[in-house]
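Coordinate inspection notes
Here's the letter readout for the chains.
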Amino acid sequence: PNTWEFASQLCSNSLLDWRDHDSHRSSFSSLFRKISGLEAMQTLLSRNFTRLGGVATAAIAGTLAGGQHSRPSLAESSLPDGATADRLHRQQQSLSGVRIRRHATVPPVESRYSVEEKTIAELSADMAASVISSHDLVGIYMRRIAALDRSGPTLRSVIAINPKALADAQELDAERSRGVLRGPLHGIPILVKDNIETADPLPTTAGSLALVDNYTYRDSPAVEKLRAAGTVILGKTNLSEWANFRSSLSASGWSAVGGLTRNPYALDRSASGSSSGSGAAISANLAVAALGTETDGSISLPAAVCSLVGVKPTVGLVSRRHIVPVAHSQDTPGPMSRTVADAACILTVMAGSDPEDSATWEADLHKTDYLAQLDQNSLRGARVGVARFMSKSWDAPLRREFEAALEAMRCAGAELVEVEDDPPLESILHFEKKVLESEMKAGLRCYLAEASPNVKVRTLSDVIAFNESEADRELLYFGQDIFVSAEAADDLDIASYRQARETSYRLAGPEGIDRLLKLHRLDALVAPTCNPAVVSDLVNGDHTAGSSSTLPAVAGYPHVTVPMGEVFGLPVGLSFIGSAWSEPRLLSLAYSFEQCTRARIRPTFVQSLPAL
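Residues numbered from 1 in each chain as written. Predicted model: local features only at pLDDT ≥ 70, side-chain atom pairs only at ≥ 80, totals over all residues. Heavy atoms only, no water.

A short note on the overall build of the protein chain
To be explicit about the condition: Secondary structure is summarised from DSSP: a helix means a run of H or I of at least four residues, a strand means a run of E of at least two, and numbering begins at the N terminus for each. Note on classification: 1.4 Å probe, protein chains only; a residue is buried when its accessible area is under 20% of the maximum for its type, exposed when over 50%, partly exposed between these limits. In short, Shrake-Rupley with a 1.4 Å probe defines the accessible areas, and a residue's cover is counted only from the protein chains shown.
Of the regular secondary structure elements, the protein chain holds 22 helices and 13 strands. Relative to its full complement of 612 residues, the protein chain shows a buried share of 61%. For the protein chain, the exposed surface amounts to about 22200 Å²; the carbon and sulfur share of it is 52%.

Comments concerning the pairing of strand β6 (residues 289-294)
What counts is decided by this rule: The pairing criterion for strands is at least two bridges between them, as found by DSSP.
Burial of β6 is extensive: 6 of the 6 residues sit out of reach of the surface. Neither face of β6 is left uncovered, since the one carrying Ala289, Leu291 and Thr293 and the one carrying Ala290, Gly292 and Glu294 both have all their residues buried. Note: strand β2 (residues 189-193) against β6, 3 bridges, orientation parallel. Residue pairing for β6: Val192 is matched across the bridge by Leu291. As paired elements, β6 and strand β8 (residues 332-337) share 6 bridges and run antiparallel to each other. Within β8, the position partnered with Glu294 by the bridge is Thr332.

Thoughts on the sheet that holds strand β10 (residues 415-418)
The cut-off we apply is this: Fitting a line to C-alpha atoms yields each axis, with helices limited to the stretch in contact; the angle taken between N-to-C directions then spans 0 to 180 degrees. Any pair of residues with heavy atoms lying within 4.5 Å of one another is described as a contacting pair.
Pairing within the open sheet is mixed, and its 11 strands lie in the order β1-β3-β2-β6-β8-β7-β12-β13-β11-β9-β10. Each edge of the open sheet is held by one strand with a lone partner, namely β1 (158-161) and β10. On average, each strand axis in the sheet is inclined to that of its neighbour by 30°, with strand direction left out of account. The strands touched by helix α15 (residues 396-411) are β9 (383-386), β10, β11 (524-528), β12 (559-567) and β13 (570-577); relative to β12, the strand with the most contacts, the crossing angle is about 115°.

Remarks on unusual backbone geometry
The omega torsion of the bond from Gly273 to Ser274 falls at 10°, within 30 degrees of zero and hence cis. Secondary-structure assignment places Ser274 in the loop between β5 (259-260) and α11 (276-283). Here the phi dihedral of Ser272 falls at roughly 60°; this positive angle occurs in a residue that is not glycine. With respect to the helices, strands and loops of the structure, Ser272 is situated in the loop between β5 and α11. Residue classification places Ser272 among the buried positions, given a relative accessible area of 10%. Its identity is not glycine, yet His322 carries a phi of approximately 60°, on the positive side. Classification of His322 by relative accessible area gives buried; the value is 14%.

Some thoughts on the packing of aromatic side chains
Test applied: Each pair of aromatic rings taken from Phe, Tyr and Trp, with Trp reduced to its six-membered ring, is defined by centres within 6.5 Å and is described as stacked if the planes are under 30 degrees apart, edge-to-face if over 60, and tilted in the remaining cases.
In this structure the tally under the stated criterion is 5 aromatic pairs. Plain terms: the ring middles of Tyr215 and Tyr217 are 6.0 Å apart, the flat faces sit at 25° to each other, and that makes the pair stacked. Accessibility expressed as a relative area gives 21% for Tyr215, which makes it partly exposed. According to the relative accessible area criterion, Tyr217 is exposed, its value standing at 51%.

Points about the confidence of the model for the protein chain
Heads up, the condition is: pLDDT measures how confident the predictor is about each residue, on a scale from 0 to 100.
Per-residue pLDDT for the protein chain averages 86, and the proportion of residues at 70 or more is 81%. Throughout residues 1-110 the model reports pLDDT below 50, and contacts reaching past four residues in sequence, or to other chains, amount to 201 contacts.

Some points on helix α22 (residues 583-597)
Our working rule: A helix is expected to span 1.5 Å multiplied by its residue count minus one.
Between its first and last C-alpha atoms α22 spans 21 Å; for 15 residues at 1.5 Å apiece the expected length is 21 Å, and the two agree. Taken across its 15 residues, α22 has 11 buried, putting it largely inside the fold. Turning to α22, its buried residues number three or more, namely Glu583, Leu586, Leu587, Ser588, Leu589, Ala590, Tyr591, Ser592, Phe593, Glu594 and Gln595. Those residues of α22 that are buried are in contact with β7 (309-312), α13 (340-350), α15, β11, β12 and β13. The first or second residue beyond α22 is Arg598, which carries a positive phi of 45°.

Describing the nonpolar core
Just so we agree on the cut-off: Put simply, buried Ala, Val, Leu, Ile, Met, Phe, Trp, Tyr and Cys residues joined by side-chain atoms within 4.5 Å make one nonpolar core.
Ranked by size, the top nonpolar core spans 120 residues in total, and within it Met409, Leu574, Phe576, Leu587 and Phe593 carry the most contacts. In this structure, Phe576 is in contact with Met409, Leu525, Val526, Pro558, His559, Val560, Val562, Leu586, Leu589, Ala590 and Phe593, ignoring residues within four places of it in sequence. Residues Leu239, Leu260, Leu460 and Ala486 belong to the second largest nonpolar core, which totals 35 residues.

Remarks on the pattern of salt bridges
Where we set the bar: Each salt bridge in this description consists of a side-chain nitrogen of Lys or Arg and a carboxyl oxygen of Asp or Glu lying within 4 Å of one another.
As enumerated under the stated definition, the model contains 29 salt bridges in all. Its salt-bridge partner being Lys433, residue Glu437 comes within 2.8 Å of it at the nearest N-O pair. With a gap of 4 residues between them, Glu437 and Lys433 both fall in helix α16 (residues 425-449), about one helical turn apart. Classification of Lys433 by relative accessible area gives partly exposed; the value is 48%.

A few points about the packing of α16 against helix α20 (residues 495-520)
Helix-helix packing: each pair is described by the crossing angle between the helix axes and the interaxial distance. Rules: Working definition: roughly parallel below 35 degrees, roughly antiparallel above 145 degrees, roughly perpendicular at 65 to 115 degrees, and oblique for all remaining angles. Two helices cross in a left-handed way if the nearer one is turned anticlockwise from the farther one by less than a right angle. They cross in a right-handed way if the turn is clockwise. For this classification, Asp, Glu, Lys and Arg are treated as charged, while Ala, Val, Leu, Ile, Met, Phe, Trp, Tyr, Cys and Pro are nonpolar and the rest, including Gly, are polar.
The contact between α16 and α20 brings their axes to 8 Å, and the two run at 135°. In terms of axis orientation, α16 runs oblique to α20. The two elements α16 and α20 meet at a crossing, and its hand is left-handed. Between α16 and α20, the residues in contact are Ser427, Ile428, Phe431, Glu432, Lys434, Val435, Ser438 and Glu439 and Tyr497, Ala500, Arg501, Thr503, Ser504, Leu507 and Ala508, respectively. Grouping the constituent residues of the contact of α16 with α20 by class yields 7 nonpolar, 4 polar and 4 charged.

Comments concerning the environment of Ala545
Secondary-structure assignment places Ala545 in the loop between β11 and α21 (550-555). It is 9.1 Å that separates the C-alpha atoms of Ala545 and Lys392, two residues lying 153 residues apart in sequence. Setting aside residues up to four positions removed in sequence, Ala545 forms contacts with Ser391, Ser393 and Asn531.

What to know about the environment of Pro603
Assignment of secondary structure puts Pro603 in the segment after α22. With 320 residues separating them along the chain, Pro603 and Ser283 place their C-alpha atoms 6.8 Å apart. Every residue in contact with Pro603, bar those within four places of it in the chain, is listed here: Pro264, Tyr265, Ser283 and Ala284.

A few points about the environment of Leu444
You can see Leu444 is positioned in helix α16. Of the residues examined, Leu444 reaches a relative accessible area of 0% and is grouped as buried. It is 8.1 Å that separates the C-alpha atoms of Leu444 and Arg458, two residues lying 14 residues apart in sequence.

Description of helix α17 (residues 460-469)
Going by this rule: It is the directions from the helix axis to the C-beta atoms whose arc is reported.
Of the positions making up α17, those classed as buried are Leu460, Val463, Ile464, Phe466 and Asn467. The buried residues of α17 occupy an angular sector of 160° when the element is viewed end-on, so they sit on one face. Structural note: α17 exposes Glu468 and Ser469 on the side pointing more than 90 degrees away from its buried face.

Encoded structure:
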C-alpha cells in the first residue's frame, strides 16, 4: 500500500502538533529507519504515536521512503494528508482561550488535482467526468486550509471545519453514481460566514465568546436551499465580531473567537469587514465560494480588497431568518466568489420568499435564473452613470484604475454619463446610525430568545455585561461604545426611530439612487468600491476612508462588486449599483466588464507592502 496514505490514516486523529515533539524528532526518525515491515510500524504507531499530527505523518512517510523530513511547502502536492482540524483549530483558539471543539479528520486524497481558480462549472465538469469526487474535493480544500489558514500565511479566515462535510460529500457522490443530480451545485464545497446558522454540529458565534455554545442545529433558509441544491457546507468563516457593530475603534476582521483575519495579498493589511473570512478564504482558494452578510459594506468591501465578486442583494430577495442580526432594514446575506458566474449561480438558488421573513414577500415575484441572464455584450449600448461623488477621498492610484475601468467600459460600447448632483451622504449616515442602533437592540433580543439553551446572554445588555466580565479577551483591543449607545437607543415604536428610518431610506433610495437613474436614464451607477486595503491596526482601529456601499445599503438596493484592478499589488473593486430588484441587469453588466478586463489577480501572501 501507499506508505504516505497508510501513515496518514494511522495518524489522522491528532490532537498534538508535531512541533511539540522537537526533542523526539531525531530519535523518532532514526527509530523508523530501523523498522522494517508495515506491521511493525502500525504496532508502534498505535501504541505510542497515534496522537501525532499531520506534519509528523509527512516526516514518517518521508523517512520510510528514504528521505529527510522537511517542512511541507505551500504547493498543493506537498500538503500533509493527515492533518486534522482538531490540531489546527487549536492554534487559532489559543488566541482567545476558547476550548477545543472536535472536527473532521482530513482524509488522504489525490494531490495532483489543483483547485486553484477553479469555477463551479469547471469543478462540476470534472466531477461529471470522474476526474475528481466531491469527497476528494472537500479533502483538498481541508488540506489547503491546513496549509494556508492554520499555518504558513496563517490567514485565520476559517473559524471551524464542518465535521459532517466529508460524509455529506460522500453521500452526494453516491447520488451522482446512481444518476441523481441536484443541479450545477451538486457536490460543490462552500464556506459560510459564522453569523449564519447551519444544521451542522457547529456553533454560530458571530465571532463572540458569548455565543461559543450557540449550537442551534438548524439551517438558515439560504443555507437550506443551497444544501438542497447539493452544496457541501465545508465550514464557517471568521468575521469582524458582531458584524463590526460593537466599537467605533474596531479593527476589521478581528473576533475573539477567530483572531485577526489577514489579507492574502499582504498579510499585515486588513481583509476589511465584516465578511473578512469569507473574502480572504475564497481569494486564497480555500473553497469555491462563500456566503457573507452585509448591513453596510460587509460584503462589498471585503470582496473589493480580496479581488472577488461580491453581491449584496436587494433586501428581501434572500431570507435573513436564523442569521445573527444587526438591522432588519439593511441586513442581507449574499454570495462571494471569484467570478460573476459563480455568484449568479449561488444567488439563483438562495433567492426566494420566506413566510417567516416579511421583507421577502416580493422575492418570488422577482427571482430568476441569474446565471442564464449573463451576457458578455451587455455593456454595449448601456448608459452607465459615473458616480465620482461616492467618496471625496479616493487615492490618486485608485482614481487612475477607475479611469482605466471607464475606458474599458467605453471600448465595450457603454455610454458613460457623469453624475454630479450627489445625495446628502452626511445626512444619510447620521440617520443610518440611529436606525442601526435601535434595530440592533431589538433584533438581537429576538435572535437571542431563540438561541441555544446553552447561551447565557439573552439581551444586548447581557452581552455588554459579558464583555465586561471577559474584558481580557473580549475588550483587549477595543471597547464596545456602539453597543452601549445602541442599548440607550430609542425603541422601534418611538417616533424618532421611525422618522430616522423614513428619512434615511428616502434620501438614499427614492431621492437618491432612483432619482439619479431616472434623471439621467441610466442602467446603473458605477464607482470604485473602496480604497486599497489599509494596514491592520488593533491598537488604533481601522483607518479606512470612503466607500460606495452606503447608498445601496441604506436604500436596501442591490450592489455588485467586481475586480477592477490593483494598486501596487493590492486589489481594488468596481461597484455596480441599481434600483431595487435590478440584480439581473447589474450582474450582467458586471459580467460584461469582467469578461473584457479579466482584472482578478491571485493572492501573493507577501508579508508586507510599502506604505501607499
